[in-house]
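Here is what each chain is made of, one letter per residue.
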Amino acid sequence: MKYTKLHFMLSVLGIIIYITDLIVDIWVSVRFFYEGRNVFGILTVTFMLFGTLVVQCFSYSWFKADLKKAGQESQHCFLLLHCLQGGVFTRYWFALKKGYHVAFKNISKTDNFIEEQIDPHKEVIDRMTDLSMLRLFETYLEGCPQFVLQLYIFLEHGQANFSQYAAIMVSCCAISWSTLDYQVALRKSLSDKNLLKGSCPKLTYLFYKLFTLLSWMLSIVLLLFLNVKIALFLLLFLWFLGLLWAFKKQTQFCASVSMEFLYRVVVGFILIFTFFNIKGQNTRCPMFCYYIVRVLATVGILVVFWVSPVSVFNSDYFMPISITIVLSLVLGIIFLIVYYGTLHPNRKEETKPDEIDGKTSQEDCRMKYFIMD
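No experiment lies behind these values; they were computed from the predicted model shown.

### With respect to the overall build of the protein chain
Of the regular secondary structure elements, the protein chain holds eleven helices and two strands. Considering only contacts within the protein chain whose residues lie at least 6 apart along the sequence, 75% involve residues at least 24 apart. Carbon and sulfur atoms make up 69% of the accessible area of the protein chain, which amounts to about 18400 Å² in all.

Next comes the structure, spelled out in structure tokens:
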């Protein structure tokens, strides 16, 4: 697999979206504090800090593993950069610098200090896969809650300023891009996996994730209007179930016990919003159960909201939102069936398990040191 000029441009687009999302979040939080809506401002900053702190932890642990693998000692400058929330930017700098030379100067295999042959294309792809996974973590830890919060504020007041519209649009783009980008990048880094080729499978996978996520996040917003405590209890309960599932599957993603626990916490959080394959097992039954529960929960929220009208909610929005939730869920399930039924790269290899969302094969790349079969 080669790292081409198109891949480089897509990598540049990825960091542009990442920076834009960060700027818009800061802009929205400042606007909330300026307008005196301190609770919303604090929530926005909390979501932002939580996501980036978790990402910096994973990024630094991977830097330490890289240095240990190369026989070097951990450098304090990397720790300082991550404490200053610059870990992802540091990774982008190294990855794009190497990617530019590989894509535009056609660098062939080079020797490292122990005279091993290194494929620069594979090296860049592995670096970009690391970044894709970090962005995926931050998207679901920060982007999804941010999206729900901005929708809640918009529907509560019936209007929004430009910064809130921007936050909603950028969050939507970041969620969509990071989800698809990681699925593509992961398969590129695995020589034993078929690539996700063509625009049709990619778009089908994108729409499956996007529509199911949109339907569920709108349902959460409605439940927040009905009762904030019930909504938070439901989300906490779903997170706890996801955490139990991760412990039951005995994930072995990280080298240390503390980072492994953090990984399972993150997996539980992601499972609140979308299905996440955490083990190399066929996921037909777990995915079926997951989306059956999702459908029942969504229908239950709509029914409860219909029979218990909420005065603080603008009723003019309820019918369009209800229709959007139902249509999005139906379209998402249809795209899911089409993708896994006809377009999945491994659809003809029924004896093989699905790829793990967060696992690479036992090749000479970073992830094999954090995840084992």
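### Topic: the pattern of salt bridges
Across all of its chains, the model carries seven salt bridges by this definition. Put simply, Glu 123 and Arg 127 hold a salt bridge, and the shortest N to O gap is 2.9 Å. Here Glu 123 and its partner Arg 127 are both found in helix H5 (residues 120-157), four residues apart, which amounts to about one turn of the helix. By relative accessible area, Glu 123 is classed as partly exposed at 24%. You can call Arg 127 partly exposed: its relative accessible area is 28%. Here Asp 181 and Arg 135 are joined by a salt bridge, their closest N and O atoms 2.2 Å apart. Pair noted here: Asp 181 is in helix H6 (residues 162-188) and Arg 135 is in helix H5, with a separation of 46 residues, a long-range link. In this pair, the class of Asp 181 matches that of Arg 135, namely buried. Sharing partners across several salt bridges, the network here consists of Arg 31, Glu 35 and Arg 37.

### As for empty space enclosed by the protein
Within this structure, the stated rule accounts for six cavities of 30 Å³ or more. When its volume is computed, the largest cavity comes out at roughly 180 Å³. Taken together, 15 residues form the lining of the largest cavity, with Tyr 18, Asp 21, Glu 138, Thr 139 and Ala 174 sitting closest to its centre. Elements supplying a minimum of two residues to the lining of the largest cavity: helix H1 (5-34), H5 and H6. Taken together, the residues that form the lining of the largest cavity break down as six nonpolar, four polar and five charged.

### A closer look at the side chain of Arg 294
If you trace the backbone, Arg 294 turns up in helix H10 (residues 284-307). The exposure class assigned to Arg 294 is buried, which follows from its relative accessible area of 4%. Within the structure, Arg 294 has its side chain in polar contact with the backbone oxygen of Phe 273 (distance 2.8 Å). At 2.7 Å, the side chain of Arg 294 forms a polar contact with the side chain of Tyr 290. Aside from chain neighbours lying at most four places away, what touches Arg 294 is Thr 212, Trp 216, Ile 272, Phe 273, Thr 274 and Leu 329.

### Considering the nonpolar core
Among the nonpolar cores identified, the biggest contains 88 residues, and Tyr 3, Phe 58, Phe 137, Met 217, Leu 222, Tyr 263 and Phe 273 are the most heavily contacted of them. With 19 residues, the single largest contributor to this core is H5. Beyond its immediate stretch of four places on either side in the chain, Phe 58 contacts Leu 134, Phe 137, Phe 253, Cys 254, Met 259, Leu 262, Tyr 263 and Val 266.

### A short note on H5
The first and last C-alpha atoms of H5 sit 53 Å apart over 38 residues, in line with the 56 Å expected at 1.5 Å per residue. At Thr 139, H5 is deflected by roughly 40°, the largest bend along its length. Among the 38 residues of H5, 33 are classified as buried, and the element is accordingly described as predominantly covered.

### Looking at the packing of aromatic side chains
Applying the stated criterion to the full structure yields 24 aromatic pairs. Taken together through their ring pairs, the aromatic side chains of Tyr 205, Tyr 208, Phe 275, Tyr 290, Tyr 291, Tyr 339 and Tyr 340 make up a single cluster. Lying across the ring of Phe 63, Arg 91 places its NZ or CZ 4.4 Å from the centre. Positioned over the ring face of Phe 247 is Arg 264, at 4.6 Å from the centre of the ring.

### Some points on helix H4 (residues 87-105)
One full turn of an α-helix is made of 3.6 residues, so residues set three or four places apart face in the same direction. Here H4 is 19 residues long and its end C-alpha atoms lie 27 Å apart, about the 27 Å a rise of 1.5 Å per residue gives. Taken residue by residue, H4 has Gly 87, Val 88, Thr 90, Arg 91, Tyr 92, Ala 95, Leu 96, Gly 99, Val 102 and Ala 103 as its buried positions.

### Here we look at the state of the cysteines
Following the criterion strictly, the structure yields zero disulfides and no others. The structure places no disulfide on Cys 83, whose sulfur is separated from the nearest cysteine sulfur, that of Cys 57, by 9.1 Å.

### A closer look at the side chain of Gln 146
Assignment of secondary structure puts Gln 146 in helix H5. Under the relative-accessibility criterion, Gln 146 is labelled buried at 0%. For Gln 146, the residues in contact, after removing those within four places along its chain, are Asp 25, Thr 44, Phe 47 and Ser 171.

### A few points about the environment of Ile 337
Here Ile 337 is to be found in helix H11 (residues 315-343). Taking relative accessible area as the criterion, Ile 337 reaches 54% and is therefore assigned exposed. Spatially, the C-alpha atom of Ile 337 lies 8.8 Å from that of Tyr 208, the residues being 129 residues apart in sequence.

### Notes on unusual backbone geometry
In this structure, Gln 85 takes a positive phi of about 65° despite not being glycine. Secondary-structure assignment places Gln 85 in the loop between helix H3 (76-83) and H4. A relative accessible area of 24% places Gln 85 in the partly exposed class.

What counts, and at which threshold
Residues numbered from 1 in each chain as written. Predicted model: local features only at pLDDT ≥ 70, side-chain atom pairs only at ≥ 80, totals over all residues. Heavy atoms only, no water. Helix = DSSP H or I, 4+ residues; strand = E, 2+ residues; numbered from the N terminus. Contact = heavy atoms within 4.5 Å. Areas by Shrake-Rupley, 256 points an atom, 1.4 Å probe, with all protein chains shown as cover. Salt bridge = Lys/Arg side-chain N within 4 Å of Asp/Glu carboxyl O. Buried < 20%, exposed > 50% of the residue type's maximum accessible area, 1.4 Å probe, protein only. 1 Å grid on protein atoms, 1.4 Å probe; cavity = no way out; pocket = protein on both sides within 12 Å on 5 of 7 lines; lining within 4 Å. Points joined across faces, edges and corners; volume = space filled by probe spheres on them. Nonpolar A, V, L, I, M, F, W, Y, C, P; charged D, E, K, R; others polar. Polar contact = N/O pair within 3.5 Å; in protein donor to acceptor, adjacent residues only side chain to side chain. Core = buried A, V, L, I, M, F, W, Y, C linked by side-chain atoms within 4.5 Å. Expected span 1.5 Å × (residues − 1). Bend = angle between axes of the 7 residues up to and from the residue. Phe/Tyr/Trp six-rings, centres within 6.5 Å; stacked < 30°, edge-to-face > 60°. Lys NZ or Arg CZ within 6 Å of the ring centre and 35° of its normal. Disulfide = S-S within 2.5 Å.

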